[in-house]
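Each chain, letter by letter, is given below.
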Amino acid sequence: MVAQDVRFYVLILDDEVRARILNLLAKHEHLGVGVTSPDELIGPLKREPGSIILIDCESVLTYGLTVISKLKASCPESKLILFCSRTHRRIIKPVMELGAYGCIIEPYREWEFLTMVRPIRSEQKIDKKTTQKKG
């Protein structure tokens, strides 16, 4: 059984990191979908406002900073979390200024990820209850 309705989209180009994150999501019964390009995210996210996008610094360096703007524009309600290597720390500030929810710096510890995701999930549960009461 999946722990929540939210879908995690994993746009992480580093194979090892992507595998670790997808395993972590599965371990905690989160629905994780690996994607290989931003184009795979832009359309579907319009239909899934509660999505969480996990992106690494390699993706930002490969596709440019505009990838963050495009992802946020396609679904403003989505939360974007950057996984950043120590080598590329300089991209953290511009990514955050473009609307990222947060950043985790390697070695990407499990507790850091879970601590960042917990408030997002809590907020979504409150939003769902509010929506259900109105409807």
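Asker: With reference to specific residues and values, describe the overall build of the protein.
Answerer: Looking only at helices and strands, one finds six helices and five strands in the protein. Counting only contacts in the protein whose residues sit at least 6 apart along the sequence, the fraction spanning at least 24 positions is 67%. By element, 53% of the accessible surface of the protein is carried by carbon and sulfur atoms, the whole surface being about 7,600 Å².

Asker: How would you summarise the sheet that holds strand β3 (residues 52–56) if you had to cite specific residues and measurements?
Answerer: Taken together, five strands build an open sheet; the order of strands is β2-β1-β3-β4-β5 and the sheet is parallel. Lying at the two open borders of the sheet, with one neighbouring strand each, are β2 (31–34) and β5 (102–105). On average, each strand axis in the sheet is tilted by 20 degrees relative to the strand beside it, whichever way the strands run. As judged from the four bridges shared by strand β1 (residues 7–11) and β3, these two strands associate in the parallel manner. Bridging from a neighbouring strand, Leu11 pairs with Ile55 of β3. Contacting β3 and β4 (79–84), helix α4 (residues 66–74) crosses the sheet at an angle of about 175 degrees to β3.

Asker: Could you give an account of the nonpolar core, with specific residues and numbers?
Answerer: In terms of nonpolar packing, the biggest core is built from 19 residues, with Phe8, Ile21, Ile52, Leu54, Ile81, Phe83 and Phe113 touching the most fellow members. For this core, the elements supplying multiple residues, two or more each, are β1, α1 (15–27), β3, β4 and α6 (110–134). Contacts of Ile21, omitting those with residues within four sequence positions, involve Val10, Ile12, Leu54 and Phe83. Core analysis: the second largest hydrophobic core is formed by 18 residues, Tyr9, Leu11, Leu80 and Ile92 among them.

Asker: Can you explain α1? Please cite residues and give values.
Answerer: Taking 1.5 Å per residue as the helical rise, α1 with its 13 residues ought to reach 18 Å, and the 18 Å between its terminal C-alpha atoms agrees with that figure. Inspection of α1 places Val17, Ile21, Leu24 and Leu25 among the buried residues, and these make up the whole buried set. What you see down the axis of α1 is that its buried residues fit within an arc of 100 degrees, all on one side. In α1, the exposed positions angled more than 90 degrees off the buried face are occupied by Asp15, Glu16, Asn23, Ala26 and Lys27. Two or three places before Glu16, at the start of α1, stands the capping residue Asp14, its side-chain oxygen 3.0 Å from that residue's backbone nitrogen. After α1 finishes, the residue Glu29 shows a positive phi value of roughly 60 degrees.

Asker: Go over the packing of aromatic side chains, please, and point to the residues and values.
Answerer: Tallied over the entire structure, the rule returns three aromatic pairs. Here Phe83 and Tyr108 contribute two aromatic rings whose centre-to-centre distance is 5.3 Å and whose plane-to-plane angle is 70 degrees, an arrangement assigned as edge-to-face. With Phe83 in strand β4 and Tyr108 in the loop between β5 and α6, this residue pair connects regions lying 25 residues apart in the sequence. With respect to burial, Phe83 and Tyr108 carry one shared label: buried. For the ring pair Phe83 and Phe113, a centre distance of 6.2 Å and an interplane angle of 35 degrees mean the geometry is tilted. Taken as a pair, Phe83 in strand β4 and Phe113 in helix α6 lie far apart in primary sequence, 30 residues in all. Both residues of the pair, Phe83 and Phe113, count as buried. Connected via pairs of aromatic rings, a cluster forms that spans Phe8, Phe83, Tyr108 and Phe113.

Here is what the cut-offs are and how they apply
Residues numbered from 1 in each chain as written. Predicted model: local features only at pLDDT ≥ 70, side-chain atom pairs only at ≥ 80, totals over all residues. Heavy atoms only, no water. Helix = DSSP H or I, 4+ residues; strand = E, 2+ residues; numbered from the N terminus. Contact = heavy atoms within 4.5 Å. Areas by Shrake-Rupley, 256 points an atom, 1.4 Å probe, with all protein chains shown as cover. Pairing = 2+ DSSP bridges. Axes fitted to C-alpha atoms, helices over the stretch in contact; angles between N-to-C directions. Core = buried A, V, L, I, M, F, W, Y, C linked by side-chain atoms within 4.5 Å. Buried < 20%, exposed > 50% of the residue type's maximum accessible area, 1.4 Å probe, protein only. Expected span 1.5 Å × (residues − 1). Arc of directions from axis to C-beta. Polar contact = N/O pair within 3.5 Å; in protein donor to acceptor, adjacent residues only side chain to side chain. Phe/Tyr/Trp six-rings, centres within 6.5 Å; stacked < 30°, edge-to-face > 60°.

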